[in-house]
Amino acid sequence: MSSKIEDLLVIQDRDRRINRLEREIEDLPQRQRLIEAQLDSHKKALHDAEEDIRKKGLEQKDIESQIEQRQERIRKFRQQQFEVKNNDDYKAFEKQIEAQTKEIAALEERQLDIMEALEQLEQVCDTKQAALKEEEQVVAVDMEQFKQRVANLQKELDEVNADRANLAEAMDPEWLSRYDRLFAHLKDFAVVSVENGACGGCHMKLPPQAAHDARRLDSMTLCMYCGRMLYNIP
Ligand SMILES: [Zn+2]
């Protein structure tokens, strides 16, 4: 038959495991959010790249319509040119047509630049799309592991809780309620050993009588400084 202190030490071990498991379960959503944020940043990078392509596309369309406008003007000038009576007017139209042609050439130059830029942007977009796909796969695996981890932790917690409940049922109620209050308050240890004549919890030097009393594992000895239950196995 084990002593009350030994029984409490087993209960304390379970309580510490319960605390650890609960903390770990509490931390998991935070870690999950970090993973999700990482995925979001990949999605945003892709969205930005797509937006750049869209803008360049609009620019391209605008230039196309500017070229068409000028071609239309040239057609009109040519028609009017046929109808003029004197040479000066004819030459004036010729100049106008020349100017429009120059503008078209400049616009076509810009069109080439835009096409080149678009090609590069599309490559960037493809790279980002591939990165996102890869990240999505990584996240899917992570999330699956996450779920598994939560399930495992919860299962373990349930088991430890059940074990703890069984142990508590067999425990002396007076000792247990004092222990429970201490553990809830101190959070680390409610039952500590005497170490070199000092309390193993607060490390204060104990009176020799207390260190001696703590050898009896079935009578309660409390640290006069921190209130922890003491035991002393020489
Ligand atoms: Zn103490």
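Residues numbered from 1 in each chain as written. Predicted model: local features only at pLDDT ≥ 70, side-chain atom pairs only at ≥ 80, totals over all residues. Heavy atoms only, no water.

Quick word on the overall build of the protein chain
For step 1, the next point in the chain: Within the protein chain, the secondary structure is distributed over four helices and three strands.
For step 2, the next point in the chain: A compact globule built from 234 residues would reach a C-alpha radius of gyration of about 17 Å, whereas the protein chain, at 41 Å, exceeds it by more than 25%.
For step 3, the next point in the chain: The C-alpha extent of the protein chain, read off along each of the three principal axes, is 130 × 35 × 25 Å.
For step 4, the next point in the chain: Considering only contacts in the protein chain between residues 6 or more positions apart, those separated by 24 or more positions represent 71%.
For step 5, the next point in the chain: Of the roughly 15800 Å² of accessible surface on the protein chain, a fraction of 50% belongs to carbon and sulfur atoms. (Helix = DSSP H or I, 4+ residues; strand = E, 2+ residues; numbered from the N terminus. Rg over C-alpha atoms; globule rule 2.2 N^0.38 Å. Contact = heavy atoms within 4.5 Å. Areas by Shrake-Rupley, 256 points an atom, 1.4 Å probe, with all protein chains shown as cover.)

Let's talk about the domain arrangement of the protein chain
For step 1, the next point in the chain: In terms of domains, the protein chain is made up of domain 1 (13-170) and domain 2 (172-234).
For step 2, the next point in the chain: On the side of domain 2, eight residues touch domain 1, which itself brings six residues to the contact.
For step 3, the next point in the chain: When the area that domain 1 buries against domain 2 is broken down by residue, the three leading residues are Asp-15, Arg-16 and Arg-164, summing to 66%.
For step 4, the next point in the chain: Scanning the region where domain 1 abuts domain 2 turns up one salt bridge. (Domains from an automatic or database assignment. Buried area = accessible area lost by both parts, 1.4 Å probe. Salt bridge = Lys/Arg side-chain N within 4 Å of Asp/Glu carboxyl O.)

Observations concerning helix 1 (residues 4-83)
For step 1, the next point in the chain: Given a rise of 1.5 Å per residue, 80 residues ought to cover 118 Å, and the 119 Å separating the end C-alpha atoms of helix 1 matches this to within 8%.
For step 2, the next point in the chain: Remark: the principal bend of helix 1, roughly 25°, maps to Leu-28, with a proline, Pro-29, within the next four residues. (Expected span 1.5 Å × (residues − 1). Bend = angle between axes of the 7 residues up to and from the residue.)

A word on a nonpolar patch on the surface
For step 1, the next point in the chain: A grouping of Met-204, Met-224 and Tyr-225 is seen on the molecular surface, where their side chains present a nonpolar patch of about 320 Å² in accessible area.
For step 2, the next point in the chain: Of note, Met-204 is situated in the loop between strand 2 (198-199) and helix 4 (208-213).
For step 3, the next point in the chain: The partly exposed category is assigned to Met-204, whose relative accessible area is 38%. (Patch = residues over 30% accessible without salt bridge, like charges linked within 9 Å, V, L, I, M, F, W, Y side chains within 5 Å. Buried < 20%, exposed > 50% of the residue type's maximum accessible area, 1.4 Å probe, protein only.)

Let's talk about the coordination of the zinc ion
For step 1, the next point in the chain: Protein coordination at the zinc ion comes from Cys-199 (SG), Cys-202 (SG), Cys-223 (SG) and Cys-226 (SG), with a distance range of 2.2 to 2.4 Å.
For step 2, the next point in the chain: Around the zinc ion, the four donor atoms are arranged such that angles at the metal cover 106 to 116°; this shape is classified as tetrahedral.
For step 3, the next point in the chain: Counting gaps between the donor residues of the zinc ion yields the pattern C-x2-C-x20-C-x2-C. Placement of Cys-199 in strand 2 and of Cys-226 in the loop between helix 4 and strand 3 (229-231) is noted, with a sequence separation of 27 residues between them.
For step 4, the next point in the chain: Here Cys-199 falls in the buried class, since its relative accessible area comes to 1%. (Donors = N, O, S within 2.8 Å, 3.2 Å for Na, K, Ca; no water. Tetrahedral: all angles 85-135°; square planar, octahedral: opposite > 155°, others 65-115°.)

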